[in-house]
Amino acid sequence: MKLVNIKRETVVEDRYTPKMGKLQTRVTYIRKRILSFPIRTLHKYRETYYGEVKDCTDCNLQR
């Protein structure tokens, strides 16, 4: 049994961009886990409609 592992999971989130407005997108989180408890997020990114991979810092969470 590993104590430390890295897991990738994808969730659907509501995002807001100034150009497009509200959009629902699949965001992939890469998280470091110790004994299956998430410790920190190493990276998060989203894939656009056209297949580009973008970092999540260019769009904000919708409030």
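For the structure itself, consult the block above.
Residues numbered from 1 in each chain as written. Predicted model: local features only at pLDDT ≥ 70, side-chain atom pairs only at ≥ 80, totals over all residues. Heavy atoms only, no water.

Asks: Hey, could you run me through the overall build of the protein in this one?
Replies: Looking only at helices and strands, one finds zero helices and five strands in the protein. In the protein, the succession of α and β elements from N to C terminus is β-β-β-β-β. Scaling as 2.2 N^0.38, a compact globule of 63 residues should have a C-alpha radius of gyration of about 11 Å, whereas the protein reaches 14 Å, well beyond that. If you line up the protein on its principal axes, its C-alpha atoms span 45 × 25 × 15 Å. Sequence separation of 24 or more characterises 30% of the internal contacts of the protein that already satisfy a separation of 6 or more. For the protein, the accessible surface area stands at approximately 5,300 Å², while carbon and sulfur atoms represent 52% of it. Of note, the protein has its 15 positive side-chain charges centred 6 Å away from the centre of its 7 negative side-chain charges. (Helix = DSSP H or I, 4+ residues; strand = E, 2+ residues; numbered from the N terminus. Rg over C-alpha atoms; globule rule 2.2 N^0.38 Å. Contact = heavy atoms within 4.5 Å. Areas by Shrake-Rupley, 256 points an atom, 1.4 Å probe, with all protein chains shown as cover. Lys, Arg positive; Asp, Glu negative; His and termini not counted. Charge placed at Lys NZ, Arg CZ, Asp CG, Glu CD.)

Asks: So what exactly am I meant to see when it comes to the side chain of Arg15 here?
Replies: By the secondary structure assignment, Arg15 is in strand 1 (residues 4-17). Overall, Arg15 belongs to the buried group, its relative accessible area being 2%. Separated by 2.7 Å, the side chains of Arg15 and Glu13 make a polar contact. (Buried < 20%, exposed > 50% of the residue type's maximum accessible area, 1.4 Å probe, protein only. Polar contact = N/O pair within 3.5 Å; in protein donor to acceptor, adjacent residues only side chain to side chain.)

Asks: I'm lost on the layout of surface pockets in this one. Help?
Replies: Taken as a whole, the largest pocket encloses approximately 470 Å³ of empty space. For the lining of the largest pocket, the elements supplying multiple residues, two or more each, are strand 1, strand 2 (21-34) and strand 3 (37-47). With five residues, strand 2 is the largest single contributor of residues to the lining of the largest pocket. The residue makeup of the lining of the largest pocket, split by class, is six nonpolar, six polar and seven charged. (1 Å grid on protein atoms, 1.4 Å probe; cavity = no way out; pocket = protein on both sides within 12 Å on 5 of 7 lines; lining within 4 Å. Points joined across faces, edges and corners; volume = space filled by probe spheres on them. Nonpolar A, V, L, I, M, F, W, Y, C, P; charged D, E, K, R; others polar.)

Asks: Sorry if this is basic, but what is going on with the packing of aromatic side chains here?
Replies: For any pair of aromatic rings, the description consists of the separation of the ring centres together with the inter-plane angle of the planes. Following the criterion strictly, the structure yields zero aromatic pairs and no others. A cation over a ring is seen here: Arg31 above Tyr29, with NZ or CZ 4.5 Å from the ring centre. (Phe/Tyr/Trp six-rings, centres within 6.5 Å; stacked < 30°, edge-to-face > 60°. Lys NZ or Arg CZ within 6 Å of the ring centre and 35° of its normal.)

Asks: What am I meant to see in a nonpolar patch on the surface here?
Replies: On the surface, Met1, Leu3, Val4, Ile34, Leu35, Phe37 and Ile39 cluster together to form a nonpolar patch covering roughly 780 Å² of accessible area. Along the polypeptide, Leu3 turns up in the segment before strand 1. When its relative accessible area of 55% is taken as the criterion, Leu3 is described as exposed. (Patch = residues over 30% accessible without salt bridge, like charges linked within 9 Å, V, L, I, M, F, W, Y side chains within 5 Å. Salt bridge = Lys/Arg side-chain N within 4 Å of Asp/Glu carboxyl O.)

Asks: I'm lost on the side chain of Thr25 in this one. Help?
Replies: Here Thr25 shows up in strand 2. Ignoring sequence-local partners within four residues, the contact set of Thr25 consists of Val11, Val12, Glu13, Arg15, Arg46 and Glu47.

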